Amino acid sequence: MCVKTITSFPESSPAIDGAVSLFNSNNGRLLLIADAKEITARRTATASFLATQLLAFKKWKNEQKENAILTILGCGVQGRAHLDVFTQLFKWNKVKKKKR
Ligand SMILES: NC(=O)C1=CN([C@@H]2O[C@H](COP(=O)(O)OP(=O)(O)OC[C@H]3O[C@@H](n4cnc5c(N)ncnc54)[C@H](OP(=O)(O)O)[C@@H]3O)[C@@H](O)[C@H]2O)C=CC1
Ligand SMILES: O=C([O-])C1=[NH+]CCC1
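Residues numbered from 1 in each chain as written. Chains lettered and ligands numbered in written order. Predicted model: local features only at pLDDT ≥ 70, side-chain atom pairs only at ≥ 80, totals over all residues. Heavy atoms only, no water.

Caption draft 1: Main features of the site of ligand 2. What surrounds ligand 2 is the set K4, I16, T40 and R43. Between ligand 2 and K4 there is a distance of 2.5 Å, counted from an oxygen atom to a side-chain nitrogen or oxygen. Interatomic distance of 2.9 Å between a side-chain N/O atom of R43 and an oxygen atom of ligand 2. Within the complex, 52% of the 250 Å² of free accessible area of ligand 2 lies under protein. Grouping the amino acids of the shell around ligand 2 by side-chain chemistry returns one nonpolar, one polar and two charged. (Near = heavy atom within 4 Å. Polar contact = N/O pair within 3.5 Å; in protein donor to acceptor, adjacent residues only side chain to side chain. Areas by Shrake-Rupley, 256 points an atom, 1.4 Å probe, with all protein chains shown as cover. Nonpolar A, V, L, I, M, F, W, Y, C, P; charged D, E, K, R; others polar.)

As structure tokens, this is what we get:
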């Protein structure tokens, strides 16, 4: 059994914080408490990559793949996690990062 508790304070950075608690589903014992920021960052970036792969990459012709530009808007926790996953799993012609 797993519970994720998240706080969201958009004016604060990082905006998201929280904890993931994992319990043994046979006896209810607490097994671990993990940082929800890290898990949420990796989960969200990986889900974005899978969605992009299904909705775009699979339909692209070779020429589109060769000219692809990755643009990341906002360079916080999610921006960095998306940059990490997207550059590890796909080859980009160019990567642009935009922050304020
Ligand atoms: N769909 C999902 O499952 C999830 C969605 N989210 C959402 O993703 C968003 C980002 O979260 P997270 O990365 O954790 O937050 P962070 O606080 O780590 O990053 C937010 C970034 O946005 C930048 N930013 C804020 N305002 C502007 C602006 N006007 N122009 C350009 N950049 C700006 C900040 O810049 P600066 O460093 O200068 O302050 C900061 O780098 C939130 O809206 C959050 O709710 C988060 C987790 C999961
Ligand atoms: O799925 C999630 O953990 C979140 N969505 C928006 C903020 C955190």
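Caption draft 2: Main features of the sheet that holds strand β1 (residues 2-8). Ordered by their spatial adjacency, three strands build an open sheet running β1-β2-β3, and the pairing between neighbours is antiparallel. Each edge of the sheet is formed by a strand with only one pairing partner; in this case those strands are β1 and β3 (30-35). Looking at each pair of strands side by side, their axes are set apart by 15° on average, direction ignored. The pairing of strand β2 (residues 16-23) with β3 spans five bridges and is antiparallel. From the neighbouring strand, S21 faces β3, where its bridge partner is I33. Here helix α1 (residues 36-55) sits on the sheet and contacts β1, β2 and β3; the angle it forms with β2, its principal contact strand, is near 95°. (Pairing = 2+ DSSP bridges. Helix = DSSP H or I, 4+ residues; strand = E, 2+ residues; numbered from the N terminus. Axes fitted to C-alpha atoms, helices over the stretch in contact; angles between N-to-C directions. Contact = heavy atoms within 4.5 Å.)

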